[in-house]
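Chains, contacts and geometry: an overview
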Amino acid sequence: MTQAPEDAILASWAVNAAPWIALLQGSGIASRQTTNPAIINAISRYQPDSVLDVGCGEGWLCRALAAKESTPPPVITGVDAIPALVENAQAQHSDGTYLCSDYTQLPNALSGQTFAVIVCNFSLFGEDSVAQLLATLIQHLRADGTLLIQTLHPLMACNGDYRSGWRTGSWAGCSDAFHDAPPWYFRTLSDWLALLQQQGLRVHMEEPLDPQTHTPLSVIFHAHRP
């Protein structure tokens, strides 16, 4: 029986958690020299006292935010569905708060909590699951809070087919330690904006550029309640 794409995403990340951790520890993704500072700066712009990192992986963003000098420092929570990634994040940042939960269980994991900034940094790969997740996250966003989403720029990631839909994943450029690349749901810019606006959010965006080619490496959506 063919595995549903949403399930295949989680299965792939579970299998590839160890090589992913090794890749990030070795600074193995060149584009992140631009996109990492971009999301940190986007978060810092709002001077939040609390941050939720959804799909935190091995926790690099939580650690980077915790290391920034701010008074008082923000309370940072990371959550991810892959146990091996959460365990690694906690091991590297013993003072941090990390939760292991898939998107469907987030209402229980976050019960009663709200955040000044909620960030999804290259962590939204699905179709229906993403729409459901956004509805959940809004319930945990303060009235004056900000939802930040950084994802691959659709114009650069479309591979000549600029239509929303499921795409076959690839670990191209990564080591042979990676297997079974996860599928992912491609969205056009207009479909990303529509998805956020359907949740009743006001949205503006920024487009971090490759410093050499001056083409967009990613897009960061800033979403707010009306």
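For the structure itself, consult the block above.
The following refers to the structure shown.

**Topic: the overall build of the protein**
Broken down by element type, the protein carries 9 helices and 9 strands. What you see for the protein is a C-alpha radius of gyration of 17 Å, in line with the 17 Å of a compact globule of 226 residues. Dimensions of the protein along its principal axes, counting C-alpha atoms only, are 45 × 45 × 40 Å. Scored against the burial criterion, the 226 residues of the protein give a buried share of 48%. Restricting to contacts in the protein with at least 6 residues of sequence separation, those with at least 24 account for 68%. For the protein, the accessible area works out to roughly 11100 Å², and carbon and sulfur atoms hold 52% of it. Computing the positive centroid from 10 side-chain charges and the negative centroid from 20, the protein places the two 8 Å apart.

**Topic: the pairing of strand β4 (residues 115-121)**
Along any regular strand, the residues point their side chains to alternate faces of the sheet. Counting buried positions along β4 gives 7 out of 7 residues, so the element sits mostly inside the fold. Relative to β4, strand β1 (residues 50-54) runs parallel, the two being bridged by 3 bridges. Following the sheet pairing, valine 51 is matched in β4 by valine 117. Bridge count for β4 against strand β5 (residues 141-152) is 6 bridges, and the pairing is parallel. Opposite valine 117, over in β5, you have threonine 146 as the bridge partner. Since β4 and β5 lie parallel, the crossover through helix α7 (residues 128-139) that links them has a hand, and here it is right-handed.

**What to know about helix α2 (residues 17-25)**
For α2, the set of buried residues is Ala17, Pro19, Trp20, Ile21, Leu23 and Leu24. For α2, the elements touching its buried residues are α1 (5-15), α3 (32-44), α4 (60-67) and α5 (83-92). Positive backbone phi, at 50 degrees, marks serine 27, one or two positions downstream of α2.

**A look at a nonpolar patch on the surface**
Side chains of Leu155, Met156 and Tyr162 sit close together on the surface and give an oily, nonpolar patch of about 290 Å² of accessible area. By the element assignment, leucine 155 lies in helix α8 (residues 154-157).

**Describing the packing of aromatic side chains**
Within the structure shown, the criterion is met by 8 aromatic pairs. The interplanar angle of 90 degrees and the centroid separation of 5.0 Å between the aromatic rings of tryptophan 13 and tryptophan 20 together place this pair among those described as edge-to-face. With a relative accessible area of 13%, tryptophan 13 lands in the buried category. Given a relative accessible area of 12%, tryptophan 20 falls into the buried group. Taken together, a centroid distance of 4.5 Å and an interplanar angle of 35 degrees make the contact between tryptophan 171 and phenylalanine 178 tilted. Each member of the pair tryptophan 171 and phenylalanine 178 is classed as buried. Each member of the aromatic cluster is reached from another via a ring pair, and the members are Trp13, Trp20, Phe125, Trp171 and Phe178. The residue whose ring lies beneath arginine 167 is phenylalanine 186, and the NZ or CZ to ring-centre distance is 4.3 Å. One cation-aromatic arrangement involves arginine 187 over tryptophan 192; the distance from NZ or CZ to the ring centre is 5.1 Å.

**Concerning the nonpolar core**
Membership of the largest hydrophobic core comes to 30 residues, with the highest contact counts inside it found for Trp20, Ile39, Ile43, Leu61 and Leu148. Those elements that provide at least two residues to this core are α1, α2, α3, α4, α5 and β4. In this structure, Phe115, Ile118, Leu134 and Leu196 belong to the second largest nonpolar core, which totals 25 residues.

Rules and cut-offs
Residues numbered from 1 in each chain as written. Predicted model: local features only at pLDDT ≥ 70, side-chain atom pairs only at ≥ 80, totals over all residues. Heavy atoms only, no water. Helix = DSSP H or I, 4+ residues; strand = E, 2+ residues; numbered from the N terminus. Rg over C-alpha atoms; globule rule 2.2 N^0.38 Å. Buried < 20%, exposed > 50% of the residue type's maximum accessible area, 1.4 Å probe, protein only. Contact = heavy atoms within 4.5 Å. Areas by Shrake-Rupley, 256 points an atom, 1.4 Å probe, with all protein chains shown as cover. Lys, Arg positive; Asp, Glu negative; His and termini not counted. Charge placed at Lys NZ, Arg CZ, Asp CG, Glu CD. Pairing = 2+ DSSP bridges. Right-handed = clockwise from strand over helix to strand, strands pointing away. Patch = residues over 30% accessible without salt bridge, like charges linked within 9 Å, V, L, I, M, F, W, Y side chains within 5 Å. Salt bridge = Lys/Arg side-chain N within 4 Å of Asp/Glu carboxyl O. Phe/Tyr/Trp six-rings, centres within 6.5 Å; stacked < 30°, edge-to-face > 60°. Lys NZ or Arg CZ within 6 Å of the ring centre and 35° of its normal. Core = buried A, V, L, I, M, F, W, Y, C linked by side-chain atoms within 4.5 Å.

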